[in-house]
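Commentary on secondary and tertiary structure
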Amino acid sequence: MALTGLEIYKQLPKTNCKDCGFPTCLAFAMKMAAKQVSLDKCPHVTDEAKAALESASRPPIQLVTVGTGDAEIKIGNETQLFRHEEKFHRPTAVAVKVSDTLDDAALAERAEKIGCLAFERVGTQIKVNLLAVDNESGDPAKFEQAAKLAAEKSGLPCVLMSATAANLQRAAAALSGQRPLLYISDPTEAEAAAKVAKEESCPLAVRADGLEALAELTPKLTAAGVEELVLDAGTRALKPTLEALTQIRRLSLKAFRPLGYPAIAFAVDADPTMQAVEAGTYVAKYAGVVVTDAVEPWQMLPVLTTRQDIYIDPQKPVAVEPKLYEVGEVGDKSPLLVTTNFSLSYYSVEGEVEASRVPAYILSVDTEGTSVLTAWASDKFNAETITQAMKTTGIEEKVAHRQVVIPGFVAVLSAGIEDESGWTVQIGPKEASGIPGYLKNQWKP
Ligand code: SF4
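The structure contained in this document is the topic of the report that follows.

Definitions and limits used
- Residues numbered from 1 in each chain as written.
- Predicted model: local features only at pLDDT ≥ 70, side-chain atom pairs only at ≥ 80, totals over all residues.
- Heavy atoms only, no water.
- Helix = DSSP H or I, 4+ residues; strand = E, 2+ residues; numbered from the N terminus.
- Buried < 20%, exposed > 50% of the residue type's maximum accessible area, 1.4 Å probe, protein only.
- Areas by Shrake-Rupley, 256 points an atom, 1.4 Å probe, with all protein chains shown as cover.
- Lys, Arg positive; Asp, Glu negative; His and termini not counted.
- Charge placed at Lys NZ, Arg CZ, Asp CG, Glu CD.
- Near = heavy atom within 4 Å.
- Nonpolar A, V, L, I, M, F, W, Y, C, P; charged D, E, K, R; others polar.
- Salt bridge = Lys/Arg side-chain N within 4 Å of Asp/Glu carboxyl O.
- Core = buried A, V, L, I, M, F, W, Y, C linked by side-chain atoms within 4.5 Å.
- Contact = heavy atoms within 4.5 Å.

**Considering the overall build of the chain**
From N to C terminus, the chain includes 17 helices and 17 strands. Along the longest, intermediate and shortest principal axes, the C-alpha atoms of the chain span 75 × 70 × 35 Å. Burial status across the chain gives 48% buried among its 445 residues. Of the roughly 20400 Å² of accessible surface on the chain, 51% is carried by carbon and sulfur atoms. Computed over 45 positive and 58 negative side-chain charges, the inter-centroid distance for the chain is 4 Å.

**Describing the site of the ligand**
Pro13, Thr15, Asn16, Cys17, Lys18, Asp19, Cys20, Cys25, Phe28, Cys42 and Pro43 make up every residue found near the ligand. Here the residues of the shell around the ligand sort into seven nonpolar, two polar and two charged.

**Regarding the pattern of salt bridges**
Following the criterion strictly, the structure yields 13 salt bridges and no others. In this structure, aspartate 293 engages arginine 110 in a salt bridge whose closest nitrogen and oxygen atoms are separated by 3.9 Å. In this pair, aspartate 293 is assigned in the loop between β12 (287-292) and α11 (297-310) and arginine 110 in helix α4 (residues 104-115), connecting sequence segments 183 residues apart. By relative accessible area, which is 21% here, arginine 110 ends up partly exposed. Lysine 398 serves as the salt-bridge partner of glutamate 326, at 3.9 Å between the closest nitrogen and oxygen. Of this pair, glutamate 326 sits in strand β13 (residues 324-327) while lysine 398 is found in helix α15 (residues 395-398), placing the two residues 72 residues apart along the sequence. For lysine 398, a relative accessible area of 34% gives the class partly exposed.

**A short note on the nonpolar core**
In this structure, Val133, Leu160, Leu182, Leu204, Val206 and Met300 are the most contacted members of the largest nonpolar core, which totals 73 residues. Ranked by residue count, the leading element in this core is helix α5 (residues 140-154), at six residues. Beyond its immediate sequence surroundings of up to four residues, valine 206 is in contact with Ile184, Ala190, Leu214, Leu217, Leu221, Val230, Leu231 and Asp232. Within the second largest apolar cluster, 22 residues are counted, among which are Leu363, Ala389, Val399 and Val425.

So this is what it looks like as structure tokens:
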């Protein structure tokens, strides 16, 4: 939680000695509150004041880092209960589980499949982030071997899950330097697991039966030197898990330190469809990590789509660059379709043009990232802006015809565009899904 200038000032020596380069301690405090100067510029601050300021300025939800290098993922450090109040900052890490009871070949195959669970959506790659290795066998040697194989074959950072701290030690040592998330399922082993996490410099996820038990447990683990914790309230059914995730978020934002950590949730429904629904629900409602068995693309795509939608900035329209795009091997007879530069509008059109296999030009008009009807209603998508975009992108030199296809919802613009541009307007389908049929059956240059 950000501190005010006065809160910082109370902790300063108040001697106005100017050694920090500011005329008074208050001036320094105000600059520090604005994050324009750091505390180390004051050489006279006491250790107690330093500790108090660092503790008070700690984010309400601890930042936790899993993995290293390009695959590193950060969770936590959220500041809001409701996305529209600002935005959610760190997308839920989605983990798919493998059991160490699988033989090497089956485990390697599943790990490779999980590592490839990625999709392209609205110009962005969305993918699974973590592979959760479950020590279902209870055997330390099998767990160690499974961890090594899973990490190697998937290329993903791991969550190492066991009921035994000693087994976690074996697997964590096998992945030394890769910073896996250690998950201890037996609360009585949590303090022993904290020692392992400290030795291996790994974050630690702990399970306890309920929030009160968790709140009693976490101070013991931080006292053991592990700051990066992830919380499992022990629930598995949808409703209690949703309640626990919400309570953890609410309490942590009220600066209740014992629960100021990201939470982990497990989607476990026996029905594969319901399991994907569970995972998507936990993504939408506050989980820092979701662990699921949902390994099929049809299960994972809706989960990752939900995450992508929840973690965009609601105050910033998602836009593509306004310009002329070429889809396929375009020529001088290729159709010209007009849309806005709202990402979802553009990629819906692009996807349907690709599906039609009719090469086409798509003109994305700058509407400040708003959709067709919104832009039309606010007069950003009109005859002038469309004609201007056509002129500045040089489409006249690229096609021999003079036909432009506009979305069916704005057919009312056709006369104005014809007057402004001199081109003939063809009225396209209202929905992007109608584009393939339109291009194949109705479009004529
Ligand atoms: Fe105050 Fe420290 Fe700056 Fe001196 S160096 S004026 S004590 S903030």
